[in-house]
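# What the coordinates show
Each chain is listed here by its residues.
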Amino acid sequence: SVTKNGPRPFTVIVEGNIGSGKTTFLNHFNQYEDVCVLAEPIEMWRNCQGHNLLGLMYQDIKKWSFTFQSYVQLTMLQHHTKQTSCPVKLMERSIYSARYCFVEKMKQDGLLPEASAAVIEKHFDWIQDYANVDVDLVVYLRTTPEVVYDRMMERNRQEEKAVSLDYLKALHQIHEDWLYHKTLFKVPAPVIVLDADLDKSLIREEYLKCEPHILVSTKA
Ligand SMILES: Cc1cc2cn([C@H]3C[C@H](O)[C@@H](CO)O3)c(=O)nc2[nH]1
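Heads up: these notes are all about the structure in this document. (Residues numbered from 1 in each chain as written. Predicted model: local features only at pLDDT ≥ 70, side-chain atom pairs only at ≥ 80, totals over all residues. Heavy atoms only, no water.)

### Overview of the pairing of strand 2 (residues 35-38)
The side-chain alternation of strand 2 yields two buried faces, one formed by Val35 and Val37 and the other by Cys36 and Leu38. In the sheet, strand 2 pairs with strand 3 (residues 88-92) via 4 bridges, with the strands oriented parallel. Looking at the pairing, Cys36 lines up with Lys89 of strand 3. (Buried < 20%, exposed > 50% of the residue type's maximum accessible area, 1.4 Å probe, protein only. Helix = DSSP H or I, 4+ residues; strand = E, 2+ residues; numbered from the N terminus. Pairing = 2+ DSSP bridges.)

Here is the structure:
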């Protein structure tokens, strides 16, 4: 239910740039039955009643940014309010990074008209007041733009072919201001910063560092 003060699991959001290793991080925690892992609903964004909103957005960001970000906000609300019997919910990104990182970036670049941004913000504000979207911990997978650019190109996601290093640098800076310097917007919960430039073979040590903070209220 979306009532504001209903019971909710210990909720952790995983934030970071494109290619920062969020999926790898989530997969590590899939091994725990007490953790409900919610990956980004990218397949919903790729098929909204047959429309690939992610593809449309990257093809003509001015024309489709509002459409895409409106649907992202809805799908994130659905994840935040999804019922689970697990004591811990681990989400890939959140309604907060939607508003504070991606919508913010599109506003700054003039890719999202002020009137459109205003409507998204009205939805966001209403959700803050009437829905249960509180979170308890933020895991920030901190990377350098060049590293995630190489990973993104290697992953070779169809819709991201035209994403530039400059775009990743700008997104990186917004994540830094929000979650590291904490000068951009309200940070919704305490932040654990991980060095996500580390190669997959070494990153496991970083995960083990934050496990105790995530596997709270689960059977030991
Ligand atoms: C919350 C949120 C996630 C998200 C992802 N994206 C893009 C970045 C990646 O190319 C792709 C998958 O994360 O979607 C976006 O433009 N706006 C977003 N908002």
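Moving on, there is more to tell.
### A look at the packing of helix 4 (residues 61-81) against helix 5 (residues 95-108)
The geometry of a pair of packed helices is captured by two quantities: the angle between their axes and the separation between those axes. Two elements in contact, helix 4 and helix 5, have axes whose closest approach is 9 Å; the angle formed by their N-to-C orientations is 170 degrees. When the axis of helix 4 is compared with that of helix 5, the two are roughly antiparallel. On the side of helix 4, the interface is formed by Ile61, Ser65, Gln69, Val72, Gln73, Met76, Leu77 and His80, while helix 5 contributes Ile95, Tyr96, Ala98, Phe102, Val103 and Met106. Looking at the contact of helix 4 with helix 5 residue by residue, the classes come out as 10 nonpolar, 4 polar and no charged. (Axes fitted to C-alpha atoms, helices over the stretch in contact; angles between N-to-C directions. Parallel < 35°, antiparallel > 145°, perpendicular 65-115°, else oblique. Contact = heavy atoms within 4.5 Å. Nonpolar A, V, L, I, M, F, W, Y, C, P; charged D, E, K, R; others polar.)

### Focus: the site of the ligand
Around the ligand, a shell composed of 17 residues is seen, among which Glu40, Tyr58, Gln69, Arg93 and Glu160 lie nearest. At 2.7 Å from an oxygen atom of the ligand is found a side-chain nitrogen or oxygen belonging to Glu40. For the shell around the ligand, the secondary-structure elements that each account for two or more residues are helix 2 (42-46), helix 3 (53-59), helix 4 and helix 5. In terms of residue count, helix 4 provides more of the shell around the ligand than any other element does, 4 residues in total. Per-class residue counts for the shell around the ligand are 11 nonpolar, 2 polar and 4 charged. (Near = heavy atom within 4 Å. Polar contact = N/O pair within 3.5 Å; in protein donor to acceptor, adjacent residues only side chain to side chain.)

### Observations regarding the state of the cysteines
All chains considered together, the criterion is met by 0 disulfides. Lacking any disulfide linkage, Cys36 is separated from the closest cysteine sulfur, that of Cys86, by 5.3 Å. (Disulfide = S-S within 2.5 Å.)

### Here's the deal with unusual backbone geometry
A positive phi angle is found at Gln49, which is not glycine, with a value near 50 degrees. By secondary structure assignment, the location of Gln49 is in the loop between helix 2 and helix 3. What makes Gln49 exposed here is its relative accessible area of 78%. Phi is positive for Lys182, which is not a glycine, with a value near 55 degrees. Along the chain, the position of Lys182 falls in the loop between helix 8 (165-180) and strand 5 (191-195). Residue classification places Lys182 among the partly exposed positions, given a relative accessible area of 46%.

### Concerning the pairing of strand 1 (residues 10-16)
Across the 7 residues of strand 1, 6 count as buried, placing the element largely inside the fold. Note that strand 1 and strand 3 share 5 bridges and pair parallel. Paired with Ile13 across the two strands is Met91, which belongs to strand 3. Sheet topology note: the strand 1/strand 4 (residues 137-142) ladder contains 5 bridges and is parallel. Within strand 4, the residue paired with Val14 across the bridge is Val139.

### As for the side chain of Glu104
By the element assignment, Glu104 lies in helix 5. Classification of Glu104 as buried rests on a relative accessible area of 12%. Apart from residues lying up to four places away in sequence, Glu104 is in contact with Arg99 and Phe185.

### A look at helix 1 (residues 22-29)
All of the buried residues in helix 1 are Lys22, Phe25, Leu26, His28 and Phe29. The buried residues of helix 1 occupy an angular sector of 155 degrees when the element is viewed end-on, so they sit on one face. Elements in contact with the buried residues of helix 1: strand 1, strand 2, strand 3, strand 4, strand 5 and helix 9 (200-214). (Arc of directions from axis to C-beta.)

### Some thoughts on the packing of aromatic side chains
With the rule as written, the count across this model stands at 10 aromatic pairs. Their ring planes at 40 degrees and their centres at 4.9 Å tell us that Phe25 and Phe29 sit as a pair that is tilted. On the criterion of helical spacing, the pair formed by Phe25 and Phe29 is a turn pair, its members being 4 residues apart in helix 1. You'll find Phe25 and Phe29 in the same group, each marked buried. Residues Tyr100 and Phe185 carry aromatic rings whose centres are separated by 4.4 Å and whose planes lie at 15 degrees to one another, so their mutual orientation is stacked. Residue Tyr100 is found in helix 5, and its partner Phe185 is found in the loop between helix 8 and strand 5; the two are separated by 85 residues along the sequence. Classification of Phe185 as partly exposed rests on a relative accessible area of 23%. When the ring centre of Tyr180 is taken as reference, the NZ or CZ atom of Arg142 above it lies at 3.6 Å. (Phe/Tyr/Trp six-rings, centres within 6.5 Å; stacked < 30°, edge-to-face > 60°. Lys NZ or Arg CZ within 6 Å of the ring centre and 35° of its normal.)

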